[in-house]
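Residue strings, one per chain:
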Amino acid sequence: MFSFLKKKHVPLLSVRVQGREVTRVEETELPCEKNPSVQVGAGGIVQFIDRQGGVHEHPLGPVAGWYHFSVRVHGGLGCQADCVVTSSPDFDPQAFARGEATGIRFQPFFLPGAKVSNSEFRGKGLFARGLHFTGHVTSGDIVLSCECDDCHRSFHVRSFHAGFSQVGYFYSGSGKHTLTVSDRVPGCPAALSTPNPAELAALEAALPLAPDGTRFRYTNPFRCPYCSAPYIDFEAHPECRAEEYYGNYFPGTPLLRYEPGP
């Protein structure tokens, strides 16, 4: 009797792909990992919806196939998720190592009730945000799906290890372009090092303009491609600059390289 008056149960986290729930997490299950596999066409979307109705929405990109998700929710209400895309409904852990799969790592976040606020990571680097990990190399086959602190839209980013590539990197004033420079060039901001200020200034003055006419600078932020708000804000967090030894660029935008003349 009066069953229609019963409050609808809302899980701690619901994960939906193309609007259909593929898994959910209850508070009694923590800590836990859920591993749904879903066939998705090009242009798919995944949503992580918390019990207060907050939504973290991420585009899955142009690759169609079977998306094998790993959704981990920890006791402290932190959520980490990623997926591997293959052509088979059966997940093969070795497919990625063989180069037969691609991956997406979604920006981690905290669920309502956590002691940590997502706003604490505003403008910080990818290590602080949990998109890269010290001592673990992020494969070039993994795309990062980042979420803007201002407009909250998600966008894909590709990273390269500046140390292994033996380069330094600069972002354009617009945040749309990334330029690399050999770490043998005087003033180059090599990985995990602070460049000589005078040599850096001379190098910045010699760098060409970006295709959109803005200048490349050591402290330029990496920006959201939609609203241009700083995403990795080196001006607000200068202590992060030398530690961010991964450079980033947007898929479909060429990674530029500066070659000084003789």
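Quick note: structure is the one above.
Residues numbered from 1 in each chain as written. Predicted model: local features only at pLDDT ≥ 70, side-chain atom pairs only at ≥ 80, totals over all residues. Heavy atoms only, no water.

Asker: How would you summarise the pattern of salt bridges if you had to cite specific residues and measurements?
Answerer: All chains considered together, the criterion is met by eleven salt bridges. Two residues, R24 and E21, come together in a salt bridge whose shortest N-O distance is 3.1 Å. Given the relative accessible area of 30%, R24 is considered partly exposed. With relative accessibility at 31%, the residue E21 sits in the partly exposed group. Put simply, R217 and E204 hold a salt bridge, and the shortest N to O gap is 3.8 Å. With R217 in strand β14 (residues 216-217) and E204 in helix α2 (residues 197-206), the pair connects residues that are 13 residues apart, well separated along the chain. (Salt bridge = Lys/Arg side-chain N within 4 Å of Asp/Glu carboxyl O. Buried < 20%, exposed > 50% of the residue type's maximum accessible area, 1.4 Å probe, protein only. Helix = DSSP H or I, 4+ residues; strand = E, 2+ residues; numbered from the N terminus.)

Asker: Go over the side chain of Q107, please, and point to the residues and values.
Answerer: As for its position among the elements, Q107 is in strand β9 (residues 102-110). Using a relative accessible area of 10% as the deciding quantity, one classes Q107 as buried. In terms of polar contacts, Q107 uses its side chain to reach the side chain of Y231, at 2.4 Å. (Polar contact = N/O pair within 3.5 Å; in protein donor to acceptor, adjacent residues only side chain to side chain.)

Asker: Any details on the sheet that holds strand β2 (residues 20-25)? Residues and values, ideally.
Answerer: The strand order across the open sheet built from four strands is β2-β1-β5-β6, with neighbouring strands paired in antiparallel fashion. Strand pairing shows two members of the sheet lacking a second neighbour, β2 and β6 (55-61), which therefore form its edges. When the angles between neighbouring strand axes are averaged without regard to direction, this sheet yields 20°. Direction of pairing for strand β5 (residues 44-50) relative to β6: antiparallel, over a ladder of six bridges. Within the sheet, the bridge partner assigned to Q47 lies in β6 and is E57. (Pairing = 2+ DSSP bridges. Axes fitted to C-alpha atoms, helices over the stretch in contact; angles between N-to-C directions.)

Asker: Could you give an account of the pairing of strand β8 (residues 78-86), with specific residues and numbers?
Answerer: Counting buried residues along β8, seven of its nine residues qualify, which places the element largely inside the surrounding structure. Bridge count between strand β7 (residues 65-73) and β8: eight bridges; the pairing is antiparallel. Note on β8: the bridge partner recorded for V73 is C79. Remark: four residues form the turn of the hairpin made by β7 and β8, two consecutive strands paired antiparallel; L77 in that turn has positive phi of roughly 70°. Alignment of β8 against β9, held across seven bridges, turns out to be antiparallel. If you follow G78 over to β9, its bridge partner there is F110.

Asker: So what about the sheet that holds strand β13 (residues 178-182)? Which residues, and what values?
Answerer: Pairing within the open sheet is mixed, and its four strands lie in the order β14-β12-β13-β18. For this open sheet the edge positions go to β14 and β18 (256-258), each flanked by a neighbour on one side alone. Both strand β12 (residues 167-172) and β13 contribute to a ladder of five bridges, which runs antiparallel. Each residue of the ladder has a partner; that of Y169, found in β13, is T180. This element, α2, spans β12, β13, β14 and β18 of the sheet and lies at about 60° to β12. (Contact = heavy atoms within 4.5 Å.)

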